[in-house]
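Structural features, examined
These are the residues of each chain, in order.
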Amino acid sequence: MGTALIYDEEMTKYKLLWVDPACKIETPERLTVSYEALVRNALAERCISVPVREATNSEILLVHSEEYLEAVKKTPYMTLEDLKEFTLQYGDVYFHPNIYHCAKLAAGSALQLVDCVMTERVRNGMALVRPPGHHSQHSAANGFCVFNNVAIATRYAKQKYGVKRVLIVDWDIHHGQGVQYCFEDDPSVLYFSWHRYEHQTFWPQLRESDYDSVGKEKGAGFNINVPWNQVGMESSDYLSVFCHVLLPVAYEFCPDLVLVCAGFDSAIGDPEGKMCATPEIFAHLTHLLMNLAGGKLCVVLEGGYNLTSLAQSVCQTVQTLLGDPLPRLANLSGPCRSALESLQCVRSAHRQYWSCLKHAASLPPADISTKRIKLAEEEAKTEVGEEEKSTEEKVWPEPPKRFSPPVRCASVLPDDVTRPDGCKRLGADQDVNPLTASKLKDDDCDTLSRVITLVEKMEQNEICSGLALVCDVTVAMTQVVQHLTPDPVNRVLIVCVGNGKVPSHITRDGKTLVVQINSEETEDQNSKYYIPVFLKKGCSDTSGFMHAVFGLILPLGYEYDPNLVLLVRMPDSGVCDAVWQQLTGLLQSFAKGHTLVLMQENEKAFVGPTTSVLLGDPAPPLENRQAPNTEDLNVVERLRDRLQVNWNLLQTTSECTG
Ligand code: Q9C
Ligand code: ZN
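Residues numbered from 1 in each chain as written. Chains lettered and ligands numbered in written order. Predicted model: local features only at pLDDT ≥ 70, side-chain atom pairs only at ≥ 80, totals over all residues. Heavy atoms only, no water.

Now for the coordination of the zinc ion (ligand 2). By definition of the ideal shapes, a tetrahedral metal site with four donors has angles of 109.5 degrees and an octahedral site with six donors has angles of 90 or 180 degrees. Distances from the zinc ion (ligand 2) to its protein donors, Asp 172 (OD), Asp 172 (OD), His 174 (ND1) and Asp 265 (OD), fall within 1.9 to 2.6 Å. Each donor residue of the zinc ion (ligand 2) belongs to the same chain, with the gaps between them written as D-x1-H-x90-D. Across the pair, exposure class does not vary: Asp 172 and His 174 are buried alike. (Donors = N, O, S within 2.8 Å, 3.2 Å for Na, K, Ca; no water. Buried < 20%, exposed > 50% of the residue type's maximum accessible area, 1.4 Å probe, protein only.)

Glancing now at the site of ligand 1. Not every one of the 14 residues close to ligand 1 is listed here, only the nearest: Asp 92, Gly 143, Asp 265, Glu 272 and Tyr 305. Here an oxygen atom of ligand 1 sits 3.2 Å away from a polar atom, N or O, in the side chain of His 174. One of the side-chain N or O atoms of Tyr 305 is found 2.5 Å from an oxygen atom in ligand 1. Taking 410 Å² as the accessible area of ligand 1 by itself, protein coverage stands at 84%. Of the residues in the shell around ligand 1, the class split is 5 nonpolar, 5 polar and 4 charged. (Near = heavy atom within 4 Å. Polar contact = N/O pair within 3.5 Å; in protein donor to acceptor, adjacent residues only side chain to side chain. Areas by Shrake-Rupley, 256 points an atom, 1.4 Å probe, with all protein chains shown as cover. Nonpolar A, V, L, I, M, F, W, Y, C, P; charged D, E, K, R; others polar.)

Turning to its location among the elements, Phe 242 is positioned in helix H8 (residues 235-253). Residues contacting Phe 242, with those up to four places away along its chain left out, are Val 169, Trp 194, Leu 247, Pro 248, Leu 285, Leu 288 and Leu 289. (Helix = DSSP H or I, 4+ residues; strand = E, 2+ residues; numbered from the N terminus. Contact = heavy atoms within 4.5 Å.)

What follows is about the packing of aromatic side chains. As enumerated under the stated definition, the model contains 26 aromatic pairs in all. Between Tyr 68 and Tyr 90, the ring centres sit 6.0 Å apart and the planes meet at 85 degrees, which makes this aromatic pair edge-to-face. Taken as a pair, Tyr 68 in helix H3 (residues 66-73) and Tyr 90 in the loop between helix H4 (80-88) and helix H5 (99-118) lie far apart in primary sequence, 22 residues in all. Overall, the relative accessible area of 13% leaves Tyr 90 in the buried class. (Phe/Tyr/Trp six-rings, centres within 6.5 Å; stacked < 30°, edge-to-face > 60°.)

In this section: the domain arrangement of the protein. By the assigned domains, the protein splits into domain 1 (2-16 + 25-324) and domain 2 (407-649). Placing a centre on the C-alpha atoms of domain 1 and another on those of domain 2 gives a separation of 36 Å. Taken together, the contact between domain 1 and domain 2 spans 21 residues of the former and 22 residues of the latter. When domain 1 packs against domain 2, the two sides together hide about 1900 Å² of surface, and 59% of this comes from carbon and sulfur. The three residues of domain 1 that bury the most area against domain 2 are His 244, Tyr 251 and Asn 291, which together make up 28% of that side's buried surface. (Domains from an automatic or database assignment. Buried area = accessible area lost by both parts, 1.4 Å probe.)

Time to look at the pattern of salt bridges. Across all of its chains, the model carries 24 salt bridges by this definition. A salt bridge links Glu 462 to Lys 457; its shortest N-O distance comes to 3.5 Å. Overlapping salt bridges bring together Glu 26, Arg 30 and Arg 130 as one network. (Salt bridge = Lys/Arg side-chain N within 4 Å of Asp/Glu carboxyl O.)

A separate point is the environment of Phe 282. Along the chain, Phe 282 turns up in helix H9 (residues 280-289). By relative accessible area, which is 0% here, Phe 282 ends up buried. Distance in space between the C-alpha atoms of Phe 282 and Phe 264 is 8.6 Å, their sequence separation being 18 residues.

What follows deals with unusual backbone geometry. In this structure, Pro 131 follows Arg 130 across a cis peptide bond, with omega equal to -10 degrees. With respect to the helices, strands and loops of the structure, Pro 131 is situated in the loop between strand E3 (122-127) and helix H6 (149-161). The step from Trp 203 to Pro 204 runs through a cis peptide bond, and the omega angle for that step is 0 degrees. Counting through the fold element by element, Pro 204 comes out in the loop between strand E5 (189-196) and strand E6 (223-228). Here the phi dihedral of Glu 120 falls at roughly 60 degrees; this positive angle occurs in a residue that is not glycine. By the secondary structure assignment, Glu 120 is in the loop between H5 and E3.

On to the packing of helix H16 (residues 542-560) against helix H17 (residues 577-587), then. Here H16 crosses H17 at 10 degrees, and the two axes come no closer than 11 Å. Considering their axes alone, H16 and H17 lie roughly parallel with respect to each other. Packed against H16, whose contacting residues are Thr 542, Phe 545, Met 546, Val 549, Phe 550, Ile 553 and Leu 554, the element H17 presents Val 579, Gln 582, Leu 583, Leu 586 and Leu 587 at the interface. Residue classes in the contact of H16 with H17 are distributed as 10 nonpolar, 2 polar and no charged. (Axes fitted to C-alpha atoms, helices over the stretch in contact; angles between N-to-C directions. Parallel < 35°, antiparallel > 145°, perpendicular 65-115°, else oblique.)

This brings us to helix H19 (residues 630-643). Over its 14 residues, H19 extends 20 Å from the first C-alpha to the last, a length consistent with the 20 Å expected when each residue adds 1.5 Å. Along H19, the residues classified as buried are Asp 632, Leu 633, Val 635, Val 636, Glu 637, Leu 639, Arg 640 and Leu 643. (Expected span 1.5 Å × (residues − 1).)

Among the 5 residues in strand E8 (residues 297-301), 5 count as buried, and that is most of the element. Burial along E8 is two-sided: Leu 297, Val 299 and Leu 301 and Cys 298 and Val 300, pointing in opposite directions, are all buried. Looking at chain direction, E3 and E8 are connected through 4 bridges and run parallel. Bridging from a neighbouring strand, Met 126 pairs with Val 299 of E8. For the handedness criterion, the β-α-β arrangement of strand E7 (residues 257-262), H9 and E8 is classed as right-handed. (Pairing = 2+ DSSP bridges. Right-handed = clockwise from strand over helix to strand, strands pointing away.)

Spatially, E2-E1-E3-E8-E7-E4-E5-E6 is the arrangement adopted by the 8 strands of the open sheet, whose pairing is parallel. Sheet topology places strand E2 (48-50) and E6 at the edges, where each strand pairs with a single neighbour. Averaged over all neighbouring strand pairs, the angle between strand axes comes to 15 degrees, with direction disregarded. Pairing of E5 with E6 involves 6 bridges; the strand directions are parallel. What sits directly across from Tyr 191, in E6, is Asn 223. Strands strand E4 (166-170), E5, E7 and E8 of the sheet are contacted by H6, whose axis makes an angle of about 170 degrees with E7. Docked against the sheet, helix H10 (residues 307-321) engages strand E1 (2-6), E3 and E8, running at close to 170 degrees with respect to E3.

This part covers the sheet that holds strand E15 (residues 564-569). Spatially, 8 strands are ordered E10-E9-E11-E16-E15-E12-E13-E14 in an open sheet, and the strand pairing comes out parallel. Of all strands in the sheet, those bounded by a partner on one side alone are strand E10 (424-425) and strand E14 (530-534). Relative to strand E11 (residues 463-470), strand E9 (residues 407-412) runs parallel, the two being bridged by 5 bridges. When the sheet's bridge partners are listed, Ser 411 is paired in E11 with Leu 467. Contacting E9, E11 and strand E16 (595-600), helix H18 (residues 607-614) crosses the sheet at an angle of about 170 degrees to E11.

This is how it looks when you write it as structure tokens:
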């Protein structure tokens, strides 16, 4: 199951024919540089190339009015003067004799992508298209967009494949108001958008782009707007919104298909967005969506106007769709105050609709609205002076090449367990470092020395991830930690699933960060580096467990930035397959995918499901859509409150209101 790439040079064959400062950034080169970067980085050749097609009239009419379609149909025959005049009735868009053809191809590309993904000819894919789509409306072109490619693809998927729930993630830096209008009252489509807003002073300057537009009637709660009220947002601001809003809600929604309005004007260097997230963030945003909907993910290009940043971001996205290990995001700061304020507002606006947000802090509405005016003034002031140098000459290092170790997944298994396909066995015959072997005195010595070999090969980047069945996971975890911690560069994130004591000597220093999800209070006090999460129903409550994954484990992992993840399945943890697989998949965000999974010898049944995820298969969707246990939600919230002084990415409220 591969990754589709849809691109056709024809979509570069229109451009702005007159002077218009608002539109000059939308150029044919946007597409050529993106595609050429994919070719240059040998990514295009790894994708399944899928031809474009024109969307038909009836497909375009799924979203647009007949009058509008008929009007656009006439543009290929217009004179330059006619085109200029036609353009004038819309905002920030231009027409060209060939744009109607390209707009049909752009929408058709999104439909081709949906077709390949829904028929399982590919797992996921990206469509590189022009014109973009998310601003275009029922009867209007807008913001460089003619037809709403993603909105059309959404209706098409529902109609042709009976898809029940579609998630649209709009990470473009502009609000896709066209998509919002299309699905506002529709609970079968969850639309999420973050966008530069600056208290309604940034284009398209709409009141309805604010966090309190949550959807209408039956669709209330299914429209999520995250307004950015300052420029300069960084990767940690984006991640904190993913961890604390989008992912918990998206998993509760449980989509059958995920579409991305993938604008890269939210990346560093973009003249429109003026944000500071590096291109590597798109690898992570993409990865974090890849275990929803059984991996059915269709990424469709929207904006992106800095050609360097755009091409790098497109490469990061496609390389992630292809399943390569993720880049590490080093030195993440916490979210800034303005981002936290937006986060708090969004969570509060949606707490009545989503049980995962039930315990979010509520806002004192009067208080925040008066403060917002003050903040707007304050923020306007701070921006002056930085304005000029902030974008065009912004420099950032080129993302390092992402390396795939020759072995994706290796295992240390007892002889009677059959090795899953594609997983290399690290047998007794494998060259075990004699020094390591001599250090171990245990019946399990042979197995443990093979585990240490596996870790060494991960350190040397010969192996990406591994799985070991051992007779005692606690002993094995201790050995691995003792092997790694003498080297000061090592940091190990240990995620323990289930009850059992974690030896105190590996939980007290910063060389390891231990998060343990269990249902038994132990006498251990939590500390910065030992975080026990007591869930009433332990690991058997899917929603409570996933709440801890998004609200604690992911943000902690991003801030800690380990170079190895140890995922330990304690005996009798009670965690179900799908939840375990989701966790395993999501943890591959860290340490360039270097995850070692430790399980007890008698848990052979979980070898298959675990290796399939380590090898890059999507985790199955969590169909159990029950509300989480209230007490468990509370536990996670309280823990987060307590730990946010140590871990900035756990914050969900701004200092003054929290
Ligand atoms: N300073 C997309 O990104 N405003 N559309 C331009 C120029 C319009 C953006 C103002 C921006 C439209 C798909
Ligand atoms: Zn945009």
